[in-house]
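# Topology and contacts: notes
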Amino acid sequence: MQRLIDSLIDGNRDAALTEARRLRAAGVPVERIVSEGLETAMEQVDAKCTVEAFNLLEIMLVGRAVTVVAGELYPRGAPPGRTRATVAIASPEGDVHDLGKNIVAMVLSGKGFRVVDLGRDCPLDTLLEGARREPVVAVLLSGLITTVIPQVRRVRPALAGRGLGSVKVVAGGAALRQASAEQLDVDYVAQTAFDGAHYLETLFPAVTS
Amino acid sequence: MNAIARVRAAVAFGETDRTPVIPQIFAHAAVLCGVPVGDYAHDGALLARCQMAAARHYGHDAVFAFMDAGVEAEAVGSVLRYHSAQYATVASYALAPDDAIDGLAVPDPHVAGRMPELLRAVTALRAGIGDELPVVAVVLGPMSLAQQLMGAEAALYLAADEPQRFEELLGFTTRVGLRHGQALLAAGAHVALVFEPAGSPAVVPPAYFRELLLPRLGELFSAFRQAGALATWLHIAGPTAPILGNYPRAGADIANIDYEVDPLDAARILPRTCLDGNLRSLSFVLDSPDEIGVECRRLAALFEARGGFILSSGCEIPLEARPENVAAMVAAVQSDS
């Protein structure tokens, strides 16, 4: 298992995939590979990535390796009992950048959340419809440019207006993380992808069954 | 002391009549003048008029020749989508992940895309302000241009998966920046700023900056100095403390520091490099003029004895910044002079 963990932390997707296949061939159950391999690797990367020592490239590589292995283990997607909760993520309308959003989605998937990606430049109505349809426990908004702030401020009242007032709203990204939760009218402002994940993990603990 | 002399003195750690103040006003100048950002980004004469109007309005110490981060990429072949109230964005990239990099041609700044309009902007700025205010030409850095040519995600994966091809791409983007910057200086720009957000430690590990970017930044700055730049300026936003110590090797006269960098740490790491910064950009949207004034006076006082400092925003002044906040920044140092 350690070789799988090391390959994942190195972001070496080919080695990680080879190791995961070897473990499966040796009869190691999928659940154990996920809990002792993938989740352990994510925890170790998480511990390493403080606000001061966090870079997109390393997280992308780990996230890609985890995604490839998870796809091998669960070719039809993770079974419902394996997910903590479902969250929606988007870059608000007016912001076409999606690198940060994609990284957060990878980190959350690696930590056992089901992530509904509503895309970039996402209109408020699409966001609301996505939150209602799934349904989700949280909406995550990633913003690289400051001009989306008015859009972000509209989300929580709009959710409440549709009877979704219990859905948490989390903001992050280079522009939004400069503001406070009060200034954005959100529940939490994440400084990094892992910071946002910690907030959600506290609210929605891991599935232990 | 005019603004050029003030900036020149700050770069040389000489005496200045007051702290130089250069809020990084790009298309905020268009918004201030009621001009659509898309028009501003297409018309060099209009850009120059807006920049000069902003400089008259606020009284700060430099104007910028910068349309958006897509000028070079568009000239190479990326297709942009323009907007009236925000910067252009890339609609389709010039380079697919498997495309041959040697198939790309370095664009001629006198004919390609909007580059000639940017040259016209520099000419108009020099005609309007002469040698009173520095005209700062902004060139996109090699790593950021690579992302504009193939997408951020694809470029970063290329850096990790195929380092040799990525280096080939960086070689190309460096040549684009070099030719573009030299043309802007030849048109009359005083200062060459390399804008390299993708080189931030928030994006790539410091080793990538050191190994891949530093030599290429050195190439750019050396060429710009030979082309007559009064100063060279490296602009990387985010938590740059781990890479600041490399900046002198790149040949940067001015080092931008963002709000995430402690100014005293930066001064310790770069004892003989002029620093600019480091107000939080979003403060110009969300805070009050009083708060901005307090922070500006604090920063000016921190550097009073050291010198080598330009009061600035840590990154761009947002398009929708409150003008009274920008005015408060300039007033904070003018009132102390």
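The structure this text deals with has already been given above.
We now turn to the structure provided with this report. (Residues numbered from 1 in each chain as written. Chains lettered and ligands numbered in written order. Predicted model: local features only at pLDDT ≥ 70, side-chain atom pairs only at ≥ 80, totals over all residues. Heavy atoms only, no water.)

### Some thoughts on the packing of helix α3 (residues 30–48) of chain A against helix α4 (residues 56–73) of chain A
In a packed pair of helices, the relevant descriptors are the angle between the two axes and the axis-to-axis distance. All names here are of chain A. For the pair α3 and α4, the least separation of the axes is 11 Å and the interaxial angle reads 175 degrees. Put simply, α3 runs roughly antiparallel to α4. Contact with α3, carried on its side by V30, I33, V34, L38, M42, V45 and K48, involves E58, I59, V62, V66, V69, A70 and L73 of α4 and no other residues of that element. Split by residue class, the contact of α3 with α4 holds 12 nonpolar, no polar and 2 charged. (Axes fitted to C-alpha atoms, helices over the stretch in contact; angles between N-to-C directions. Helix = DSSP H or I, 4+ residues; strand = E, 2+ residues; numbered from the N terminus. Parallel < 35°, antiparallel > 145°, perpendicular 65-115°, else oblique. Contact = heavy atoms within 4.5 Å. Nonpolar A, V, L, I, M, F, W, Y, C, P; charged D, E, K, R; others polar.)

### A word on the interface of chain B and chain A
Across the contact, 23 residues belong to chain B and 24 residues belong to chain A. The largest contributions to the chain B side of the interface with chain A come from Y157(B), L282(B) and L286(B), which together make up 26% of the buried area. There are 3 salt bridges connecting chain B and chain A. The shortest N-O distance in the salt bridge between D161(B) and R13(A) comes to 3.8 Å. Remark: the boundary between chain B and chain A carries 12 residue pairs in polar contact (both at pLDDT 80 or more). By residue number, the principal contributor to the side of chain B that touches chain A is helix α8 (residues 152–161) of chain B, which donates 6 residues. Tallied by class, residues from the side of chain B that touches chain A come to 14 nonpolar, 3 polar and 6 charged. (Buried area = accessible area lost by both parts, 1.4 Å probe. Salt bridge = Lys/Arg side-chain N within 4 Å of Asp/Glu carboxyl O. Polar contact = N/O pair within 3.5 Å; in protein donor to acceptor, adjacent residues only side chain to side chain.)

### Considering empty space enclosed by the protein
Residue and element names in this part refer to chain A. Considering all chains together, one arrives at 1 cavity of 30 Å³ or more under this definition. In this structure, the largest cavity encloses a volume near 60 Å³. Lining the largest cavity are A90, P92, E93, C122, P123, L124, L127, L141, Q151, V152 and V155. Those elements giving two or more residues to the lining of the largest cavity turn out to be α6 (124–133) and α7 (149–161). (1 Å grid on protein atoms, 1.4 Å probe; cavity = no way out; pocket = protein on both sides within 12 Å on 5 of 7 lines; lining within 4 Å. Points joined across faces, edges and corners; volume = space filled by probe spheres on them.)

### Digging into the packing of helix α2 (residues 13–25) of chain A against α4(A)
Residues and elements named next belong to chain A. Where α2 meets α4, the axes come as close as 9 Å, and the angle between the chain directions of the two elements is 30 degrees. In terms of axis orientation, α2 runs roughly parallel to α4. α4 is crossed by α2, and the crossing has right-handed handedness. Within the contact between the two elements, α2 uses R13, A16, L17, A20, R21 and R24 and α4 uses R64, A65, V68, V69, E72 and L73. The residue makeup of the contact of α2 with α4, split by class, is 7 nonpolar, no polar and 5 charged. (Left-handed = near helix turned anticlockwise from the far one by under 90°.)

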